[in-house]
Amino acid sequence: MERSLPGGTRGILHARTGLERFRIERLEPPAALAPFVANFWVLHWDLRGRPPHRQRVLTRPSVHLTFTSYLTAGTTRARIAGVVRDGFVEEIHGEGRVVGAAFRPGGFRPFMDAPVSTLTGRFPGVDEVFGEEGLTLAEEVFAIADAYEAVGRLAAFLSGLRPEPDPSAAKAAAVVERIAARPGLVRVGELAADVGLSTRSLQRLFHEYVGIGPKWVIRRFRMQEAAERAASGTGVDWADLAAELGYADQAHFTRDFTAAVGTPPGRYAREAGPDAETGPGSIDA
């Protein structure tokens, strides 16, 4: 496999607590898969003798292909994770690992014969898209003790499918990156005009390739930005941040933040900031 990528924590709520309980590494995909796969990743935990941990994540608009091994329990799970509308919560216990592929927005569409929106909010088994070959792949990944060799097997499988580059998928990815780079962007119509599409065409593009509408993507990136600022320990002025993120008033921002993260921004800052104390038990952000 290619080199490791810098490890970011954006979207991992209560990241400091979580990273005391698991470690994650992201790996660059081979050149042939770069138009489709943002990164491969390996997550490992060893909580033997410690309480289970529940981790909440504000996910990106991305499809993931994951192979989870609960080594202590001797159980496995191979599935596709469509875009998760709300916060994604996973409980880990004992010892285990996940080998995964994070697809670029739009990047999973060339591997399936239906709109990516058919996966949204769902966690189907790998065979739903990849059939018996997907089940065979899962057996091979679980049988490989070295996680990086397992990533290599996953990359070889995806490369062997010979996905065709799709200009519309590339367009969808570019639009999502534009949203990520402009935290003050608020309106879908403004975004559509910015990328040279009608609002309806932009919505169709996202339905087919991203799996969820552009309005949700705009809100999700704003919430990731807000959660990261809240946890930074820099003494955030909430009214200023609300305005920077395009909110008309602080009250609206607070409602959206609380709905997405599970706690109001001030409380999250106290619980997730660098001065917060972390307890031995589980966290459900």
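Residues numbered from 1 in each chain as written. Predicted model: local features only at pLDDT ≥ 70, side-chain atom pairs only at ≥ 80, totals over all residues. Heavy atoms only, no water.

Attention shifts here to the overall build of the protein. Helix and strand counts for the protein come out as 10 helices and eight strands. With the C-alpha coordinates aligned to their principal axes, the bounding extent of the protein is approximately 55 × 50 × 30 Å. A burial count over the protein gives 46% of its 285 residues as buried. For the protein, long-range pairs separated by at least 24 residues make up 72% of all intrachain contacts whose partners lie at least 6 apart in sequence. For the protein, the computed accessible surface area is about 13,200 Å², with 50% contributed by carbon and sulfur atoms. Looking at the protein, you have 34 positive and 35 negative side-chain charges, and the mean spots of the two groups are 5 Å apart. (Helix = DSSP H or I, 4+ residues; strand = E, 2+ residues; numbered from the N terminus. Buried < 20%, exposed > 50% of the residue type's maximum accessible area, 1.4 Å probe, protein only. Contact = heavy atoms within 4.5 Å. Areas by Shrake-Rupley, 256 points an atom, 1.4 Å probe, with all protein chains shown as cover. Lys, Arg positive; Asp, Glu negative; His and termini not counted. Charge placed at Lys NZ, Arg CZ, Asp CG, Glu CD.)

This part covers the pairing of strand S6 (residues 75-81). Of the pairings in the sheet, the one linking strand S5 (residues 64-70) to S6 comprises seven bridges and is antiparallel in character. Pairing of His64 across the sheet is with Ala81, part of S6. Counting the residues that bridge the hairpin from S5 to S6 gives four residues, and of these Gly74 lies at a positive phi of roughly 70°. (Pairing = 2+ DSSP bridges.)

We now examine the environment of Glu225. Relative to the elements of secondary structure, Glu225 occurs in helix H7 (residues 214-230). The exposure class assigned to Glu225 is buried, which follows from its relative accessible area of 13%. Distance from Glu225 to Leu245, taken between C-alpha atoms, is 8.6 Å for residues 20 residues apart in sequence. Contact partners of Glu225, with chain neighbours within four places excluded, come to Arg10, Pro183 and Leu245. Among the polar contacts made by the side chain of Glu225, one reaches the side chain of Arg229 at a distance of 2.8 Å. (Polar contact = N/O pair within 3.5 Å; in protein donor to acceptor, adjacent residues only side chain to side chain.)

Counting residues in each nonpolar core, the largest one holds 31 residues, and the members touching the most others are Phe40, Leu65, Phe67, Phe108, Leu154 and Leu158. Among the elements that take part in this core, helix H3 (residues 147-160) stands out by supplying seven residues, more than any other. Excluding its chain neighbours within four sequence positions, the residues that come into contact with Phe108 are Val63, Ile80, Phe103, Leu119, Val129 and Phe130. By size, the runner-up hydrophobic cluster in this structure holds 21 residues, among which are Ile179, Leu185, Tyr209 and Ile218. (Core = buried A, V, L, I, M, F, W, Y, C linked by side-chain atoms within 4.5 Å.)

Here we come to unusual backbone geometry. The residue His14 is not glycine, and still its phi comes out positive at about 50°. Tracing the backbone shows His14 in the loop between strand S1 (4-5) and helix H1 (15-18). Under the relative-accessibility criterion, His14 is labelled buried at 6%. Its identity as a non-glycine residue notwithstanding, Arg162 has a phi of 50°, on the positive side. Examined against the element boundaries, Arg162 turns out to sit in the loop between H3 and helix H4 (167-181). The exposed category is assigned to Arg162, whose relative accessible area is 68%.

One pass over the structure, following the stated rule, counts 17 salt bridges. The closest approach of N and O atoms between Arg10 and Glu225, which form a salt bridge, is 2.6 Å. Placement of the pair is Arg10 in the loop between S1 and H1 and Glu225 in helix H7, with a sequence separation of 215 residues. Notably, a salt bridge pairs Glu140 with Arg153, separated by 2.6 Å at the nearest N-O pair. Taken together, the positions of Glu140 in helix H2 (residues 127-143) and Arg153 in helix H3 put the pair 13 residues apart, joining distant regions of the chain. Of the residues examined, Glu140 reaches a relative accessible area of 31% and is grouped as partly exposed. For Arg153, a relative accessible area of 28% translates into the label partly exposed. (Salt bridge = Lys/Arg side-chain N within 4 Å of Asp/Glu carboxyl O.)

For the rest of this paragraph, the subject is the environment of Leu58. Residue placement: Leu58 occurs in the loop between strand S4 (53-57) and S5. Taking C-alpha positions, Leu58 is 16 Å from Gly211, a pair spaced 153 residues apart along the chain. Those residues in contact with Leu58, other than ones at most four positions away along the chain, are Gly11, Leu13, Gly87, Arg220, Met223, Gln224, Ala260 and Val261.

Note: α-helices contain 3.6 residues per turn, so residues at a spacing of three or four share the same orientation. Turning to helix H5 (residues 188-195), its buried residues number three or more, namely Val188, Leu191, Ala192 and Val195. In an axial view of H5, the angular spread of the buried residues amounts to 100°, which keeps them on one side of the axis. Each element contacted by the buried residues of H5 is listed here: H4, helix H6 (199-210) and H7. Positive phi appears at Gly196, one or two residues downstream of H5, with a value of about 75°. (Arc of directions from axis to C-beta.)

For any two helices packed against each other, one specifies the crossing angle of their axes together with the interaxial distance. Their axes nearest at 11 Å, the elements H4 and H5 cross at an angle of 125°. If you check the angle between H4 and H5, you find them oblique. H4 and H5 meet at a crossing whose hand is right-handed. For the pair formed by H4 and H5, the contact residues are Lys171, Val175, Arg178 and Ile179 on the first element and Leu191, Asp194 and Val195 on the second. When grouped by side-chain class, the residues that make up the contact of H4 with H5 number four nonpolar, no polar and three charged. (Axes fitted to C-alpha atoms, helices over the stretch in contact; angles between N-to-C directions. Parallel < 35°, antiparallel > 145°, perpendicular 65-115°, else oblique. Left-handed = near helix turned anticlockwise from the far one by under 90°. Nonpolar A, V, L, I, M, F, W, Y, C, P; charged D, E, K, R; others polar.)

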